[in-house]
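# Examining the three-dimensional arrangement
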Amino acid sequence: MAIIQFPKDMKWGSATASYQIEGAAFKDGRGLSIWDTFSHTPGKVVGGDNGDVACDSYHRYEEDIEIMKDLGIDMYRFSVSWPRIFPNGTGEINPKGLAYYHDLVDKLIESGIEPMCTLYHWDLPQALQDEGGWDNRETIDAFVNYAETMFNEFKGKIKYWITLNEPWCISFLSNYIGAHAPGYTDLQLATQISHHLLVAHGKTVKKFRELDIEGEIGFAPNTTWLEPYSNKQEDIDACRRENAYFIEWFMDPVFKGEYPQFMVDWFKKKGVELNIEDGDLEAIHQPIDFLGINYYTGHVARYKEDEGLFDWEYVEMGYERTDIDWPVYPEGFYKVLTYINDRYGNVPIYITENGSCYNDEPVDGRVKDAARTKYLKQHLTALSRSIDAGVNIKGYLTWSLLDNFEWAEGYSKRFGIVYVDYITQKRTKKDSFYWYKQTIANKWFEF
Ligand code: JSK
């Protein structure tokens, strides 16, 4: 038994995203997004599920805020649906979209909960995709314009802004692996999009400074950790490439103003030519106020010639797996955080997502998700160790407040600390919710 204790000023919260919880997909003038198109395309999402209704949080946000008040969180991370604000991506503003987020933000603030706003959590207006989406540099300008609208509209209310959620997913998972919208499988396209995303991020940060908005801005890359199976240089190098695919590829341009050369060379070997315009790297290389880190899983791996994009294979270590089959690997969380701290300096970090998929169902009104509580304890222990090692952790937000639309997995994968019955929309607080509530109140737990 040990007591794991956290700094008194650390912020605690929970996170969601617009398309995953809101529903009301065709209401109040919302335009279509690429996820409407993708989820309504047969074969793209497990069970043919879509976000038309999701958790219906567009209508039930007041009930959801009551749940947050009970939980005792300091901070709630949500995302704005770009096509609710600009149904066509640019041009005409939809006032009903703005009104929804004003109500949400006002009620959060009244409840003593700090809103943290993600501007882009994957629901690109379909009208922009029709013109090439993130491959078209005009989408960068459209994004900065949308961000500026949001800054001016919500200044003084929203103090924490995230430009992009998980740029690796937006680029590579969606345009190379093809698992997410828009579903292309083109490495050149995906890599070029990763660059455009970073330019959009940097130009948005620049705009935020120009407008002198009170508050903080950052971005939230998703991370994973591959640990080399042996000390052989080929195993170390293989893991380095995969880790850099998530970490250095997105963070070096932001923090150092350059892409990692060994990755540029590797991509070149795969036929990729990045098209970087004058001023792009300078635009990306803007100081940010905090870094958001999303972490779920990691693996042990070793070199394997011609295997996948980066010549490696997993080594099965027998680690426990969650119900989405991702290994539980809290050591990777510690490694990611200390690696980033060593590489980029003592940047303030919010854990903007960490959580697990376990599909436990209610029995007599109770959801006994002991495995989720265990996952949280393991990862919060790793987080505490990273704080002891000097990592500048400002806050921790668990994914997710609610079970919700888990993208290509549809409703088949539950990440919530609150169970959602998608037929009745009844919310049931899981055992992990009560454990998290106690931990937030105490700022320590016993493990
Ligand atoms: C969960 C990552 C944002 C929030 C949550 C899915 C994810 C993922 C999902 C990687 C992935 C699939 C599988 C194959 C091979 C890579 C959401 N986070 N979430 N985060 N990340 N190796 N290639 N060399 O719902 O909305 O890829 O990956």
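The paragraphs below set out a description of the structure included in this document. For clarity, every value in this text was computed on a predicted model and none was experimentally measured.

### A short note on the pattern of salt bridges
- Scanning all chains against the criterion turns up 32 salt bridges.
- The closest approach of N and O atoms between Arg 302 and Glu 313, which form a salt bridge, is 2.7 Å. Here Arg 302, found in strand S8 (residues 290-303), pairs with Glu 313, found in strand S9 (residues 312-315); they are 11 residues apart in sequence, far enough to count as distant.
- Residue classification places Glu 313 among the partly exposed residues on the basis of a relative accessible area of 22%.
- Arg 372 is the salt-bridge partner of Asp 369, the closest N and O atoms lying 2.9 Å from each other.
- A relative accessible area of 2% means that Arg 372 is categorised as buried.
- Look at the salt bridges and you will find they share partners, linking Arg 302, Lys 304, Glu 307 and Glu 313 into a network.

### Focus on the side chain of Ser 356
- Mapped onto the elements, Ser 356 comes out in the loop between strand S10 (349-353) and helix H15 (370-388).
- By relative accessible area, Ser 356 is classed as buried at 2%.

### Some thoughts on the site of the ligand
- Near the ligand lie 15 residues; those nearest to it are Gln 20, His 121, Glu 353, Glu 406 and Trp 407.
- A distance of 3.0 Å separates a nitrogen atom of the ligand from a polar atom in the side chain of Glu 166.
- Glu 406 is positioned with one of its side-chain polar atoms (N or O) 2.7 Å from an oxygen atom of the ligand.
- Relative to its free-state accessible area of 640 Å², the ligand is covered by the protein chains to the extent of 78%.
- Class assignment for the residues of the shell around the ligand results in eight nonpolar, three polar and four charged.

Basis of the calculations
- Residues numbered from 1 in each chain as written.
- Predicted model: local features only at pLDDT ≥ 70, side-chain atom pairs only at ≥ 80, totals over all residues.
- Heavy atoms only, no water.
- Salt bridge = Lys/Arg side-chain N within 4 Å of Asp/Glu carboxyl O.
- Helix = DSSP H or I, 4+ residues; strand = E, 2+ residues; numbered from the N terminus.
- Buried < 20%, exposed > 50% of the residue type's maximum accessible area, 1.4 Å probe, protein only.
- Near = heavy atom within 4 Å.
- Polar contact = N/O pair within 3.5 Å; in protein donor to acceptor, adjacent residues only side chain to side chain.
- Areas by Shrake-Rupley, 256 points an atom, 1.4 Å probe, with all protein chains shown as cover.
- Nonpolar A, V, L, I, M, F, W, Y, C, P; charged D, E, K, R; others polar.

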